[in-house]
Amino acid sequence: MAAWDLSVSVEELGPDAPPLKISVTSDLHIGGVILKVVEKSRESMSDVLFRRVFICALAGIIPKLANGMPAFFTETPETEAVYKMLAVSQPAPAPETIAKLYRSTNITEKAHINSRWLDSSRSLLQQGVKENDKLLLRFKYYTFHDISPQADAVRLTQLYEQARWAILLEEIECTEEEMMVFAALQYHIGKVSLTEQFVASCPAMDDLDSALQCLEVKMEGESSADDMLETMTAPELHDYLKIFRLTLKGYKQYWFTFKDTTISYFKSKEESCKEPIQQMNLKGCEVAPDVSVAGQKFCIRLLIPGPEGMNEVYLRCEHEQQYSRWMAACRLASKGKTLADSSFSSEVQSIQSFLAMQKTTPSTNAAQTDESINTHSLVSPRYQKKYKPKQLTPRILEAYQNVAQLSLTDAIQKFLQIWQALPDFGLSYIVVRFKGCRKDEVLGIANNRLIRIDLSVGDVVKTWRYNTMRQWNVNWDIKQVAIEFDGNVNIAFSCVTADCKIVHEYIGGYIFMSTRSREQSNTLNEELFHKLTGGHEAL
């Protein structure tokens, strides 16, 4: 029986990879040769990128804990020191550092950044990444499961760092008042980081937390007759508000009612038993705050889907208590939830807490004249140019009075909470060309929806929710993404600033995230992830 040693070059392993050596015999068919090549190349090829991010598990971003930290870091005092370093936020950057870093000045430049994501279903070697190349590790999907301060010290710290740089580099828009709160929280976190650490996890406390969670679930399931009656008679909101829309000249006051996910308004309270002037179903709408606590302006901006696109409506509230209730109701309704949802009260409290943090409380305290605060390290370049340090210092320290009592953990969580409440939070932009259109537009990809944005003026044109998506497909030959939604709504587009694989992976990744639950949060279904994100390459 004849035998040979074959030398086989495999392009997928890269141009510098040595040929594979394969021994074959005369009775081996061509299929057997190919199988040997595949097996040999698997031994030589790096794992796909999805598996290469094992550093996240080691560093505690995907926690598997022992004595309060990932088991890998408990092996030596040196590795413990590395873990503690990862769990501490970095000092405030120098203003010159912020000024030198790249900042996207428009939505097109923000879209170009998203063209740089690596493909999760291919290896680093396949994507041209070589030894000593520098890669940046970031959270790509803005869906965060079961963050626990006891277990997620590194994850929380790294999220905080990503959020802080997004604010400082103006990757996400915020108001001037919000910027002062972010600056105050950074200042506070920087101070307490010198003396405080995250609360370490304790097995006994973990057991207690689990028991309390079980008790909470059990108690939620044991509703009294009064609770059942309250649920059957869903709560409503009704009050006088002012409304502004393009068809109206200025704000006009009407009597409003909020029931289920629908807002109705009437000429007066007395006429609320008649047909409303208009009804607006907020399911699937965009909700954004338009607030100035100092100016006593409490407005809610709504972009409501309609047959011709998005209809813009502003609701103006009289005071922060009224605003907190109606804003919470609008946010829940946009997700298809009603006032009967258990999260309504916590949503109201969260909004009120944030408004309270924006209130200025001038004090004669010595801290008000603290010259040691490096204000230009705490705000974005826009405000560095607008204000001198002596103007920023009292404003930041006034906001600081509202957060000075927070622990390190609470301060970081508050920073993340406010970041997540910003109107543009979690939006990743791609410039696309919709089928049948002659001009480029922007596709905004969020954790629960896709947004069509006019590139020239930045206005939202249309929103599609993932929960109305029936299927999506990619034509890899012409690089076109096609999506079908409920109601026979079909869209198709080609990608201009990124490969359509990036869009496909974003959508599939968020769909994958939506399938996970509390019980599954530490168990990753890698096969399902690749089915949803890998496309033809995963097959």
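Residue indices follow the written sequence of each chain, beginning from 1 at its first position. With the structure being a predicted model, the display of local features is reserved for residues of pLDDT at least 70 and the display and counting of side-chain atom pairs for 80 or more, all residues being used for whole-chain, interface and lining totals. Excluded from the side-chain calculation are hydrogens and water; included are all heavy atoms of the structure.

- As annotated in an unreviewed UniProt entry, the protein chain carries the name Fermitin family member 3a and is attributed to Cyprinus carpio.
- UniProt positions are given in the numbering used here, feature names are shortened, and annotations may be inferred rather than shown by experiment. For the protein chain, the Sequence similarities (unreviewed entry) comment in UniProt is given as "Belongs to the kindlin family."

Regarding the sheet that holds strand S18 (residues 489–495)
Piece 1. The 7 strands lie next to each other as S15-S14-S13-S12-S18-S17-S16, forming an open sheet whose pairing is antiparallel. Across the chains shown, the open sheet's two edge strands, defined by having one partner strand only, are strand S15 (460–465) and strand S16 (469–475). Here the strands of the sheet are splayed against their neighbours by 30° on average, with no regard to which way each runs.
Piece 2. At least two DSSP bridges between two strands are needed for those strands to be called paired. A run of H or I in DSSP becomes a helix once it reaches four residues, and a run of E becomes a strand once it reaches two; helices and strands are each numbered from the N terminus. Where strand S12 (residues 428–434) and strand S13 (residues 441–445) come together, 5 bridges link them in antiparallel fashion. The partner of Ser-428 across the bridge, within S13, is Ile-445. Only C-alpha atoms enter the line fits that serve as axes; for helices the fit covers just the stretch in contact. Angles between N-to-C directions range over 0 to 180 degrees.

Observations regarding the pattern of salt bridges
Piece 1. Think of a salt bridge as a Lys or Arg side-chain nitrogen and an Asp or Glu carboxyl oxygen that are within 4 Å of each other. Tallied over the entire structure, the rule returns 21 salt bridges.
Piece 2. Note that Asp-119 is salt-bridged to Lys-501, the shortest N-O span being 2.9 Å. Of this pair, Asp-119 sits in the loop between helix H6 (107–113) and helix H7 (153–168) while Lys-501 sits in helix H16 (residues 500–514); the two residues are 382 residues apart in sequence, bridging distant segments of the chain.
Piece 3. Whether a residue is buried, partly exposed or exposed follows from its accessible area with a 1.4 Å probe, protein chains only, as a fraction of its type maximum: under 20%, in between, or over 50%, in that order. By relative accessible area, Lys-501 is classed as buried at 8%.

Focus: the environment of Ile-147
Piece 1. Residue position: Ile-147 is located in the loop between H6 and H7.
Piece 2. Distance in space between the C-alpha atoms of Ile-147 and Gln-413 is 9.7 Å, their sequence separation being 266 residues.
Piece 3. We call two residues in contact whenever any of their non-hydrogen atoms come within 4.5 Å of each other. The residues touching Ile-147, leaving out its near neighbours within four places in the chain, are Asp-152, Arg-155, Leu-156 and Leu-159.

Regarding the confidence of the model for the protein chain
Piece 1. A residue's pLDDT is the confidence the predictor assigns to it, expressed on a 0 to 100 scale. When pLDDT is averaged across the protein chain, the result is 83; 82% of the residues are at 70 or more.
Piece 2. The low-confidence segment residues 214–232, where pLDDT is below 50, has 2 contacts with residues more than four positions distant or belonging to other chains.
Piece 3. Under a pLDDT of 50 for its full length, residues 364–368 has, in the predicted model, 8 contacts with residues more than four places off or in other chains.

Remarks on unusual backbone geometry
Piece 1. Phi at Asp-260 is positive, roughly 55°, even though this residue is not glycine.
Piece 2. Structurally, the position occupied by Asp-260 is in the loop between strand S6 (252–259) and strand S7 (262–266).
Piece 3. By relative accessible area, Asp-260 is classed as partly exposed at 38%.
Piece 4. Even without being a glycine, Asn-488 presents a positive backbone phi close to 60°.

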